[in-house]
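If you want the building blocks of each chain, they are given just below.
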Amino acid sequence: MTAAPWRTLRALPTLLRIGVAETLAYRAEFLVWILTTTQPLIMLGLWTSVAQLQPFAQYSSADFIAYFLAALIVRQLTGNWVAWQMSEDIRSGAMAMRLLRPVHPFYAYAAGQAAGIPFRSIIALPVAVVLLVSSGSGALTTDPVRLALVVPSIALAWLITFALMFAIGALAFFLTQTMAIANLYFALFSLFSGYLMPLDLLGPVSSLAAWLPFRFMLSAPVELMTRSLDGAALADLLGGQLAWTAILLAAALGLWRAGVKRFEAVGG
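The shown structure was predicted, so the numbers you read here are calculated from the model rather than taken from an experiment.

1. Examining the nonpolar core
So, step 1. Judged by nonpolar contacts, the single largest core of 63 residues is most densely connected at F162, F166 and Y185.
So, step 2. The element best represented in this core is helix α9 (residues 144-170), accounting for twelve residues.
So, step 3. Residues in contact with F166, not counting those within four places in the same chain, are V82, M86, F106, Y109, A252 and W256.

Structural data, given as structure tokens:
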């Protein structure tokens with residue numbers, strides 16, 4: 001292992017402590033971010049009322065409860081706002097200080113975002129778990145293989161989400177209206193990730209959604225928890241997550257390198 005990775009590993013505990021301190025320092029802002037990821041609760045109420053009298057497209061009320069509460073759990077564990085943070089750092093000039101530090105900003109931003117996960121879990125997960133066990137437990141998988149795959153699937157979903165948001169943040173090196181792109185991203189994510197409804201309810205568009213990266217940010221681990229999947233479907237699901245992780249990490253770091261060169265040239 002080279003010196004740089006060792007330095008990053010040694011710095012990781014400090015980076016996580018800094019992330020926790022920033023989360024505690026900006027509690028009100030952090031709470032707002034948590035509230036923006038509770039859309040599945042709203043959709044749960046809508047879709048369960050639709051399926052209250054009879055199943056809708058083979059989804060019973062319990063199926064919708066299990067699906068949207070699983071979606072809430074995944075969203076709380078994988079959501080991040082690094083694009084907004086990077087955009088502000090570039091706009092304010094704070095990025096110059098980050099570039100002087102020995103640890104690559106990619107790892108610093110990742111640690112900062114990961115540090116907030118336990119706090120989001122403390123607030124959101126107990127409610128979701130209680131409701132899942134009491135109301136939607138019959139629709140959850142009991143297959144030990146699929147349950148074992150949920151954790152790595154959620155980890156990959158987090159990494160895909162972070163890489164895409166990091167790429168959007170890196171666009172601030174070139175553009176001044178990156179938040180418009182971030183808003184467009186969120187609109188596409190809401191539709192094609194399964195955030196607003198299960199993907200198989202999208203009709204003809206569902207075949208397109210099945211291969212877009214948004215599915216692998218949220219719907220993939222939810223499907224592991226709530227669907228009956230054979231070996232081929234499991235391989236497609238996890239293979240898609242691995243492929244999009246590699247693609248988006250390469251794109252994010254490529255945009256970063258190009259953006260930093262431009263940033264340093266303009267700053268010089």
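On we go.
2. With respect to the pattern of salt bridges
So, step 1. Applying the stated criterion across every chain yields a total of three salt bridges.
So, step 2. Close ionic contact of D89 with R98 constitutes a salt bridge, the shortest N to O distance being 2.9 Å. For the pair D89 and R98, one class covers both residues: buried.
So, step 3. Here R215 and E223 are joined by a salt bridge, their closest N and O atoms 2.9 Å apart. E223 shares its class with R215; the two are buried.

3. Regarding the environment of M197
So, step 1. Note that M197 resides in the loop between α10 (178-192) and α11 (206-209).
So, step 2. Linking M197 and S219, residues 22 residues apart in sequence, is a C-alpha distance of 9.7 Å.
So, step 3. Look past the residues within four positions of M197 in its chain and what remains in contact with it is W47, Y67, F68 and L202.

4. Here we look at the packing of helix α5 (residues 82-92) against α10
So, step 1. For the pair α5 and α10, interaxial distance at closest approach is 10 Å and the crossing angle is 175°. Here α5 is positioned roughly antiparallel relative to α10, judged by the angle of their axes. Here A83, W84 and S87 of α5 lie close against α10, whose contacting residues are T178, M179 and A182.
So, step 2. Of the residues assigned to the contact of α5 with α10, the class counts are four nonpolar, two polar and no charged.

5. Digging into helix α7 (residues 105-114)
So, step 1. Most of α7 sits inside the fold, with seven of its ten residues counted as buried.
So, step 2. Along α7, the positions that sit buried rather than exposed are P105, F106, A108, Y109, A110, A111 and Q113.

6. Quick notes on the side chain of R146
So, step 1. Checked against the element boundaries, R146 lands in helix α9.
So, step 2. Although R146 lies buried, it forms no salt bridge, and the closest oppositely charged side chain, D143, sits 4.7 Å away as judged by the N-O distance.
So, step 3. A polar side-chain atom of R146 sits 3.2 Å from the main-chain carbonyl oxygen of L224.
So, step 4. Once residues within four sequence positions are removed from consideration, R146 is found in contact with T141, E223, L224, M225, T226, R227, S228, L229 and L234.

7. Quick word on a nonpolar patch on the surface
So, step 1. Judged by side-chain polarity, L46, V50 and F56 come together as a nonpolar surface patch covering roughly 240 Å² of accessible area.
So, step 2. Tracing the chain through its elements places V50 in helix α3 (residues 39-50).
So, step 3. Assessed through its relative accessible area of 37%, V50 is described here as partly exposed.

8. What to know about the packing of aromatic side chains
So, step 1. Counted according to the given criterion, the structure contains 20 aromatic pairs.
So, step 2. With 5.0 Å between their ring centres and 70° between their planes, F106 and F166 make a pair best called edge-to-face. Here F106, found in helix α7, pairs with F166, found in helix α9; they are 60 residues apart in sequence, far enough to count as distant. Accessibility classification places F106 together with F166 in one group, the buried group.
So, step 3. An aromatic cluster is present here, built from F106, Y107, Y109, W158, F162, F166, F173, W256 and F263 joined pairwise through their rings.
So, step 4. In this structure, R75 is placed above the aromatic ring of Y195, and the distance from its NZ or CZ to the ring centre is 5.3 Å.

Reading the values: the criteria
Residues numbered from 1 in each chain as written. Predicted model: local features only at pLDDT ≥ 70, side-chain atom pairs only at ≥ 80, totals over all residues. Heavy atoms only, no water. Core = buried A, V, L, I, M, F, W, Y, C linked by side-chain atoms within 4.5 Å. Buried < 20%, exposed > 50% of the residue type's maximum accessible area, 1.4 Å probe, protein only. Helix = DSSP H or I, 4+ residues; strand = E, 2+ residues; numbered from the N terminus. Contact = heavy atoms within 4.5 Å. Salt bridge = Lys/Arg side-chain N within 4 Å of Asp/Glu carboxyl O. Axes fitted to C-alpha atoms, helices over the stretch in contact; angles between N-to-C directions. Parallel < 35°, antiparallel > 145°, perpendicular 65-115°, else oblique. Nonpolar A, V, L, I, M, F, W, Y, C, P; charged D, E, K, R; others polar. Lys, Arg positive; Asp, Glu negative; His and termini not counted. Polar contact = N/O pair within 3.5 Å; in protein donor to acceptor, adjacent residues only side chain to side chain. Patch = residues over 30% accessible without salt bridge, like charges linked within 9 Å, V, L, I, M, F, W, Y side chains within 5 Å. Areas by Shrake-Rupley, 256 points an atom, 1.4 Å probe, with all protein chains shown as cover. Phe/Tyr/Trp six-rings, centres within 6.5 Å; stacked < 30°, edge-to-face > 60°. Lys NZ or Arg CZ within 6 Å of the ring centre and 35° of its normal.

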